[in-house]
Structures are given as C-alpha cells and as structure tokens.
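The lines below spell out each chain.
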Amino acid sequence: MTDQVRTDVDGGVLTVTLDRPKANAIDVATSQALHEAFDRLQRDDSLRVAVLTGEGERFFSAGWDLKAAAEGEAIDADHGPGGFAGLTEFFDLDKPVIAAVNGLALGGGFELALAADLIIAAEHAEFALTEVTLGMVADSGGVLRLPERLPQAVAAELLLTGRRMTAAEAERWGLVNRVVPAGDLLGAAMELAHRICGSAPLAIAAVKEIVRCTAALDVESGYRLMRSGDLPNYQAMLRSEDAQEGPRAFAEKRSPKWTGR
C-alpha cells in the first residue's frame, strides 16, 4: 500500500481509501495499488467484504489522472491485472465490494463505482461519464455496465452528453442502494458490510459466481449451467459444512458459526 491508497481492517471488513489530493484521480501506479488491496481481499480468508471510498467530501474520484496523461501516460496504458482502478476488470473477485461515494464520481471514478457490487452515496454525490467531452470513450466499463443498470435511453444520454446525475436521481433509477447524509456515509456502508459478514462466505462467493456467469443467459440456460457442475464456487457451497450448519443453527435457534468450509 501507499499513502495514496490506504487500507484498514475492522473485523472481516477491509476499508480501502483513495487519497490523492485534490481530486482522487487515478494513474497507473494508483491502479496497481488499488488492485493490490482488492487482491488482498480475495486471498485473505479473514476478510469478507471491502468498503471503497475517497478521502475528503468533494471527490470520490475524478477518474483518469489527466495530468499523468498530459505528461505522457497513454490512453491505453496497462493499468495492471485488475484493469483501470484495479477493480474494473477484476472479474473473478469472489467477495463483495461496497462503494461509499463521498462526492463527485466522474469518468473513471464513476466506472470504479459501477465495478462495485453495491453503492452507498452521500446526498451531495454526483455521477458522470465525462469521457466524450474529452474526446474519449468510457471504456473502463462505463459503456458496458451502465446500459445494464439503467434504462437504455437514460444510459445513452449520460454516455453521449457527459451530464451529471445527482445521487437522488441515481437512487430513483436504482443505480445506488441508498443515499445518506455525508456524515453517515461510512457508517451506513460499514453497517451493510457487517450484515454481509453475517452470511456464509461460500454462499456469498456462489452468489457472485452465479450472477456473473448467467448474466447473458435466459433463465432456462442459467438453470442448466448451475446444474452442470461447472460452477466451482456453487459446487463448493453445496458440499460445504456451512450448508449443514445454517439449517442446524436455525433449528437450534442460535446464530450460525461459519467456517468457510
């Protein structure tokens, strides 16, 4: 980790804070540091979920560091194994990421939030894919993920104009899970993270795997894939001790004790 990407652990929750004044912009080195944090989440069995946020109250992230671009960082530079911001192409991450959007999420900053599983937004947060206004395309996931999350006409407007969407509008379209006062943002994100920690880890990994692998399938084809035995996390969950512990704990009227096995 670096001073620009800080991590803290609270129980099973890894908090990842992007701290690059003044706009929390992201260059190649920052992408690699972010990926290091998310890779730690993936590999450390004691970690269950990550909360990702930006330092300060004005910017979650302004996206690609245009100062680095002006100094020669290529538009198609290799940002490392997780793609831009270390997460946008980390497709097989088995654990959830909650984006706690504390301010402006612009360009690649919005794409970073879209790569998370859940989004909690401060009331003053705004979202925009500004790439077309700079002669570029939101190709770090924006052009792919946003049309899946919003009605086509709304997504097209944002992609083609670069206009800003308020947190309230994002909540209205179901793009964010909830909107809270700025002072409550991290608390709300941590509350959600700890609720996830209360679920069985193999079940969480199986949910992420099934959703990822069936996204382009109809329901019948999705069932066929699940029953095929080709989803390793799902198969591990079916055969796990935790899958027996859950019903047993329910019958005994106690909290389950998950082992991840």
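So, here's what we can say about the structure. What you see is a predicted model, and the numbers here were worked out from it, not measured in a lab.

Rules used throughout
- Per chain, residue numbering runs from 1 following the sequence as it is written.
- Selection of residues for local features in this predicted model requires a pLDDT of at least 70, selection of side-chain atom pairs for listing and counting requires 80 or more, and totals for whole chains, interfaces and linings are taken over all residues.
- For side-chain calculations, the full set of non-hydrogen atoms in the structure is used, while hydrogens and water are omitted.
- The aromatic pairing rule takes the rings of Phe, Tyr and Trp, using the six-membered ring of Trp, and pairs them if the centres are within 6.5 Å, calling planes under 30 degrees apart stacked, those over 60 edge-to-face and the rest tilted.
- Helix numbering and strand numbering both begin at the N terminus, where a helix is a DSSP run of H or I of at least 4 residues and a strand a DSSP run of E of at least 2.
- Buried means the residue's accessible area, taken with a 1.4 Å probe over protein chains only, is under 20% of the maximum for its type, while exposed means over 50%, and partly exposed covers the values in between.
- Think of each axis as a best-fit line through the C-alpha atoms, taken over the contacting stretch in the case of a helix, with angles from 0 to 180 degrees between the N-to-C directions.
- Roughly parallel here means an angle under 35 degrees, roughly antiparallel means over 145, roughly perpendicular means 65 to 115, and every remaining angle is called oblique.
- Working rule for handedness: look at the near helix, and if it is turned counterclockwise from the far one by less than a right angle, call the crossing left-handed; if clockwise, right-handed.
- The contact rule is simple, with two residues in contact once any of their heavy atoms fall within 4.5 Å.
- Residue classes follow a fixed rule: Ala, Val, Leu, Ile, Met, Phe, Trp, Tyr, Cys and Pro count as nonpolar, while Asp, Glu, Lys and Arg count as charged, and any other residue, Gly among them, counts as polar.

### What about the packing of aromatic side chains?
Summed over the entire model, instances satisfying the criterion amount to 1 aromatic pair. With a centroid separation of 5.2 Å and 50° between ring planes, the pair formed by Phe110 and Phe127 is classed as tilted. One end of the pair, Phe110, is in helix H3 (residues 108-115); the other, Phe127, is in strand S8 (residues 126-128), with 17 residues separating them in the sequence. Take Phe127: its relative accessible area is 0%, and that puts it in the buried class.

### So, the packing of helix H4 (residues 142-149) against helix H5 (residues 152-161)
What describes two packed helices is the angle between their axes and the distance between those same axes. Between H4 and H5, the least distance of the axes is 8 Å, while the angle of their chain directions is 150°. Relative to H5, H4 is oriented roughly antiparallel. The crossing of H4 and H5 is right-handed. Each of Gly142, Val143, Leu146 and Pro147 in H4 lies in contact with H5, whose residues at this interface are Ala155, Leu158 and Leu159. Counted by class, the contact of H4 with H5 contains 6 nonpolar, 1 polar and no charged residues.

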